[in-house]
Amino acid sequence: MLTRQFAAMDPASREIFERAAGGDLPTFISHYANAFGFLQSILLTLFTSLSVFALGWFRPQLSWPSRLNIAMGVLTAGTVVGLLLLPTMALPNMFALVWISPAIVVLAYFLTTLRGARGVIADTLSGAWIKSIVYTIVLILLVLLSGLVLSLICAFHALTSMQAAT
């Protein structure tokens with residue numbers, strides 16, 4: 001999928017990566033993928049665990065274990081949906097519609113939060129909707145931030161690994 005992603009880049013961006021990789025893009029992708037496979041779950045878990053603070057905004061009297069339990073329940077629902085959709089992202093004709101799977105995962109986050117919000121983090125239906133929307137936005141921003149940090153670390157690892165090999 002990384003190779004296809006690089007191939008789909010605009011030529012100017014792809015040229016930057018090829019130049020940085022010394023013209024050996026397959027080796028760069030290999031090193032990048034090794035770091036990605038190791039670090040993705042670690043960084044994603046660390047960043048998304050920060051969403052417990054958002055739950056504290058909604059209901060300060062919730063204990064930390066309760067907040068973590070809610071956060072992990074929402075993340076588990078999104079992860080299951082994301083894993084079920086993963087094969088569609090690998091299909092060659094779905095690459096142009098790659099945004100659909102993350103949108104469905106966002107919907108799963110929102111619906112899971114909304115379903116359990118009333119009585120736990122909100123007292124009213126409108127409060128449940130508002131807090132579910134806010135929590136979903138916070139969660140997605142944390143996921144995007146972890147992806148950005150992960151990409152930078154993986155690119156740095158790939159480049160330093162390639163330089164060390166020469």
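Residues numbered from 1 in each chain as written. Predicted model: local features only at pLDDT ≥ 70, side-chain atom pairs only at ≥ 80, totals over all residues. Heavy atoms only, no water.

Whenever I open this one, the overall build of the protein chain confuses me. Can you help?
Assigned secondary structure in the protein chain consists of 7 helices and 0 strands. Starting at the N terminus and walking to the C terminus, you meet the elements of the protein chain as α-α-α-α-α-α-α. Of all 166 residues assigned to the protein chain, the portion counted as buried reaches 30%. Within the protein chain, contacts between residues separated by at least 24 positions form 66% of all contacts whose residues are at least 6 apart in sequence. With an accessible surface of roughly 9,900 Å², the protein chain has 73% of that area assigned to carbon and sulfur atoms. In the protein chain, 8 positive and 5 negative side-chain charges are present, and the distance between their average locations comes to 21 Å. (Helix = DSSP H or I, 4+ residues; strand = E, 2+ residues; numbered from the N terminus. Buried < 20%, exposed > 50% of the residue type's maximum accessible area, 1.4 Å probe, protein only. Contact = heavy atoms within 4.5 Å. Areas by Shrake-Rupley, 256 points an atom, 1.4 Å probe, with all protein chains shown as cover. Lys, Arg positive; Asp, Glu negative; His and termini not counted. Charge placed at Lys NZ, Arg CZ, Asp CG, Glu CD.)

What is the right way to read the packing of helix α3 (residues 25–49) against helix α7 (residues 125–165) from this model?
A pair of packed helices can be characterised by two numbers: the angle between their axes and the separation between those axes. Remark: α3 packs on α7, axes separated minimally by 8 Å, with the N-to-C direction vectors making an angle of 145°. By crossing handedness, the relation of α3 to α7 is classed as right-handed. Here the residues of the contact of α3 with α7 sort into 20 nonpolar, 8 polar and no charged. (Axes fitted to C-alpha atoms, helices over the stretch in contact; angles between N-to-C directions. Left-handed = near helix turned anticlockwise from the far one by under 90°. Nonpolar A, V, L, I, M, F, W, Y, C, P; charged D, E, K, R; others polar.)

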